[in-house]
Amino acid sequence: MEIVHLLRAVAVELGLHSARFAQRNGMHPTDVRALIALMDARRADEEMSAGRLGAGLGLNSAGTTALLDRLERAGHVRRVRGESDRRKVVVEVTDGAVDLGTSFFGPLIERSVELLRGYDDHQRSAVRDFLDGVRQAAAEGTHTPPPGTSQGEA
């Protein structure tokens, strides 16, 4: 359980770090999650529609529109025509938003990469498998409390 509790502590610290970024830049935490999703799509060279973004963030259509309007006014995203289907509107993160994120999160990312350099390929693979498994469990909602505990006891 020590590693599970440590993972929870890491999640809390990362959430606080993200909240500091949001506060310093006049954003809502959902704005930050949206920018991360858009940066991940950009890195994977995938188009992101407003509907797909909203679904990934758990937002309805009105909430997604409000989010995108806010991010667009701030200069963090732009709506453009899709490359594969010009009738489709996709959302892209701007270079300015990427630079803003890099300036804040870059030192943490660099420190994380530095820590990973201390592990061999087998160890990095184990860390990757563990984190991906936890991420999948959380995303799928397959995590359930152990018998005899309530969900509030975590």
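**Observations concerning the overall build of the protein chain**
Right, on to step 1. A tally of helices and strands in the protein chain yields 6 helices and 2 strands.
Right, on to step 2. For the C-alpha atoms alone, the extent of the protein chain along its principal axes is close to 50 × 40 × 35 Å.
Right, on to step 3. Taking contacts inside the protein chain between residues at least 6 apart in sequence as the whole, the part at least 24 apart equals 49%.
Right, on to step 4. About 10,900 Å² of surface is accessible on the protein chain, with carbon and sulfur atoms providing 56% of the total.

**Comments concerning the packing of helix H2 (residues 29–43) against helix H5 (residues 95–117)**
Right, on to step 1. Look at H2 against H5: their axes get within 11 Å of each other, and the N-to-C directions meet at 110°. Between H2 and H5, the angle falls in the class roughly perpendicular. Within the contact between the two elements, H2 uses Leu 35, Met 39 and Arg 42 and H5 uses Asp 95, Ala 97 and Val 98.
Right, on to step 2. Considered class by class, the residues forming the contact of H2 with H5 number 4 nonpolar, no polar and 2 charged.

**Brief notes about the side chain of Thr 64**
Right, on to step 1. Mapped onto the secondary structure, Thr 64 falls in helix H4 (residues 61–73).
Right, on to step 2. By relative accessible area, Thr 64 is classed as buried at 5%.
Right, on to step 3. Those residues in contact with Thr 64 that sit more than four places away from it in its chain are Ala 50, Gly 54 and Leu 59.

**Examining the side chain of Asp 31**
Right, on to step 1. Residue position: Asp 31 is located in helix H2.
Right, on to step 2. Given a relative accessible area of 2%, Asp 31 falls into the buried group.
Right, on to step 3. When neighbours within four sequence positions are excluded, Asp 31 is seen to be in contact with Leu 67, Arg 70 and Leu 71.

**Quick word on H5**
Because the α-helix completes a turn every 3.6 residues, residues three or four places apart line up on one side.
Right, on to step 1. Helix length check: H5 (23 residues) gives 28 Å between terminal C-alpha atoms against 33 Å at 1.5 Å per residue, more than 12% under.
Right, on to step 2. The largest bend in H5 comes to about 55°, at Phe 105, with the proline Pro 107 one to four residues further on.
Right, on to step 3. Ala 97, Val 98, Gly 101, Phe 104, Phe 105 and Gly 106 are the residues of H5 that are buried.
Right, on to step 4. Next to the buried residues of H5 lie helix H1 (2–24), H2 and strand E2 (89–93).

**Concerning the environment of Arg 117**
Right, on to step 1. Summarising the element assignment, Arg 117 is placed in helix H5.
Right, on to step 2. A relative accessible area of 65% places Arg 117 in the exposed class.
Right, on to step 3. Residues Arg 117 and Asp 40, 77 residues apart in the sequence, show an inter-C-alpha distance of 23 Å.

**Overview of a nonpolar patch on the surface**
Right, on to step 1. On the surface, Ile 3, Leu 116, Tyr 119, Val 127, Phe 130, Leu 131 and Val 134 cluster together to form a nonpolar patch covering roughly 570 Å² of accessible area.
Right, on to step 2. The element contributing the most residues to the nonpolar patch is helix H6 (residues 121–140), with 4 residues.
Right, on to step 3. Mapped onto the fold, Ile 3 is located in helix H1.
Right, on to step 4. The exposure class of Ile 3 is exposed, given its relative accessible area of 58%.

The rules behind these values
- Residues numbered from 1 in each chain as written.
- Predicted model: local features only at pLDDT ≥ 70, side-chain atom pairs only at ≥ 80, totals over all residues.
- Heavy atoms only, no water.
- Helix = DSSP H or I, 4+ residues; strand = E, 2+ residues; numbered from the N terminus.
- Contact = heavy atoms within 4.5 Å.
- Areas by Shrake-Rupley, 256 points an atom, 1.4 Å probe, with all protein chains shown as cover.
- Axes fitted to C-alpha atoms, helices over the stretch in contact; angles between N-to-C directions.
- Parallel < 35°, antiparallel > 145°, perpendicular 65-115°, else oblique.
- Nonpolar A, V, L, I, M, F, W, Y, C, P; charged D, E, K, R; others polar.
- Buried < 20%, exposed > 50% of the residue type's maximum accessible area, 1.4 Å probe, protein only.
- Expected span 1.5 Å × (residues − 1).
- Bend = angle between axes of the 7 residues up to and from the residue.
- Patch = residues over 30% accessible without salt bridge, like charges linked within 9 Å, V, L, I, M, F, W, Y side chains within 5 Å.
- Salt bridge = Lys/Arg side-chain N within 4 Å of Asp/Glu carboxyl O.

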